[in-house]
Amino acid sequence: MYEGPVQNLIDEFGKLPGIGPKSAQRLAFHLLQAEPESVERLRSALQAVVEGVTYCEICGTVAAAERCRICSDPRRDPSLVCVVEEPKDIEAIERTREFNGLYHVLGGALDPINGIGPNELRITGLMRRVGQELEGTEIAEIIIATDPNTTGEATSTYLARLLRPFPDLVVSRLASGLPMGADLEFADELTLGSALSGRRILSGGPGQAPPGAPAAPADQGGAVLHPGQVDSPQAPPATDPRDEAGPVAGPVSDSRPGPEISYPDATTSEIEQPRGISMPHRP
């Protein structure tokens with residue numbers, strides 16, 4: 001549409017991920033109207049990215065020195081390593097503030113269709129880290145945090161098989177399932193199935209009270225034990241009001257008509273069952 005260097009700049013912006021034709025056109029005309037100093041700073045930043053970017057010798061993420069700020073932090077736990085695909089995944093995990101270990105960047109995921117195999121990833125470096133010690137500490141657990149798609153799952157399965165010969169090494173995978181605030185009716189089958197297989201136990205199981213233990217009071221929020229888990233004490237026999245007034249008269253044997261006596265019905269509850277009529281004792 002445009003001629004000369006403007007169209008070339010629009011074409012180059014359009015090759016960037018997430019930039020469409022309209023966005024590329026707006027960026028190009030923004031640079032045409034920007035100050036020369038601003039354009040020069042952008043050019044210097046692009047030139048520095050091409051020439052001056054280095055990668056951490058331990059985890060492989062983008063760094064300004066031999067080690068990144070995470071690997072050089074002494075407060076980090078070197079026995080815990082999280083494996084990610086790209087350096088941008090590190091920032092996503094760091095925003096949670098739930099992980100205090102180190103990272104290992106693979107540089108992608110296994111994709112045989114596009115020619116990405118184990119030799120194109122930093123899998124050899126990961127195996128080397130497992131067999132070595134960092135600052136006198138061995139790796140105790142590896143968390144595989146690849147993307148939950150076809151290539152990410154294939155990479156996770158491949159890494160789990162490679163790390164299986166290490167008996168003392170714990171290999172875990174990030175759980176996947178329903179996001180916070182989502183509704184079950186809008187979840188697809190794969191997401192819902194993954195949430196069911198990766199469910200976590202809230203109560204019961206090995207931590208449940210053994211048989212014979214006293215039941216927790218209901219007002220203290222304790223778990224409710226099923227009948228049979230606890231031998232309930234024998235309840236004292238209920239006092240019958242008929243014992244205080246004397247024996248209850250049964251069917252009258254003589255010819256004199258006695259008072260009508262109502263017997264409990266099987267369909268009535270224990271509370272609603274009539275007790276009959278008490279007769280005074282006759283000598």
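For the structure, see preceding data.
Just so it is clear, the structure is predicted and the values come from calculations on it, not from any experiment.

Enquirer: Whenever I open this one, the pattern of salt bridges confuses me. Can you help?
Expert: Oppositely charged side chains may form a pair once their charged atoms are brought near each other. Per the counting criterion, the structure on display carries eight salt bridges. E40 serves as the salt-bridge partner of R43, at 2.7 Å between the closest nitrogen and oxygen. Here R43 and its partner E40 are both found in helix α3 (residues 36-52), three residues apart, which amounts to about one turn of the helix. Judged by its relative accessible area of 39%, E40 falls in the partly exposed class.

Enquirer: Help me out: how do you make sense of the nonpolar core in this one?
Expert: Across soluble globular proteins, you tend to see nonpolar side chains buried next to one another. Ranked by internal contacts, the top residues of the largest apolar core, which has 18 residues, are C56, C68, C82, V84, I93, F99 and Y103. Breaking this core down by element, the ones donating at least two residues are β3 (77-84), α4 (87-94) and β4 (101-105). With residues up to four places along the chain from it excluded, the contact list for F99 reads R76, L80, V81, C82, I93, E94 and I143. With 14 residues, the next largest nonpolar core counts L106, I142, I144 and L169 among its residues.

Enquirer: I tried to follow a nonpolar patch on the surface on my own but got confused; where do I start?
Expert: Taken together, the side chains of V49, V50, V53, Y55 and V62 make up a nonpolar region of the molecular surface, amounting to roughly 500 Å² of accessible area. Inspection of the secondary structure assignment puts V49 in helix α3.

Enquirer: Is there a simple way to think about the side chain of T155 in this case?
Expert: Along the chain, the position of T155 falls in helix α6 (residues 150-162). Judged by its relative accessible area of 0%, T155 is buried.

Enquirer: Would you explain the packing of helix α5 (residues 123-131) against α6 in this entry?
Expert: Any two packed helices are characterised by the angle at which their axes cross and by the distance between the axes. Interaxial distance between α5 and α6 falls to 12 Å at its minimum, and their mutual angle equals 35 degrees. Crossing angle aside, the handedness with which α5 passes α6 is right-handed. Touching I123, L126 and M127 of α5 are Y158, L159 and L162, all from α6. Partitioned by chemical class, the residues of the contact of α5 with α6 number six nonpolar, no polar and no charged.

Enquirer: Looking at this structure, I do not really get the pairing of β3. What am I missing?
Expert: By the criterion of burial, β3 is predominantly enclosed, with seven of the eight residues buried. Inspection of the sheet shows β3 paired to β4 by five bridges, in the parallel sense. Note on β4: the bridge partner recorded for C82 is Y103. Inspection of the sheet shows β3 paired to strand β5 (residues 141-144) by four bridges, in the parallel sense. Within β5, the position partnered with V81 by the bridge is I142.

Definitions and limits used
Residues numbered from 1 in each chain as written. Predicted model: local features only at pLDDT ≥ 70, side-chain atom pairs only at ≥ 80, totals over all residues. Heavy atoms only, no water. Salt bridge = Lys/Arg side-chain N within 4 Å of Asp/Glu carboxyl O. Helix = DSSP H or I, 4+ residues; strand = E, 2+ residues; numbered from the N terminus. Buried < 20%, exposed > 50% of the residue type's maximum accessible area, 1.4 Å probe, protein only. Core = buried A, V, L, I, M, F, W, Y, C linked by side-chain atoms within 4.5 Å. Contact = heavy atoms within 4.5 Å. Patch = residues over 30% accessible without salt bridge, like charges linked within 9 Å, V, L, I, M, F, W, Y side chains within 5 Å. Areas by Shrake-Rupley, 256 points an atom, 1.4 Å probe, with all protein chains shown as cover. Axes fitted to C-alpha atoms, helices over the stretch in contact; angles between N-to-C directions. Left-handed = near helix turned anticlockwise from the far one by under 90°. Nonpolar A, V, L, I, M, F, W, Y, C, P; charged D, E, K, R; others polar. Pairing = 2+ DSSP bridges.

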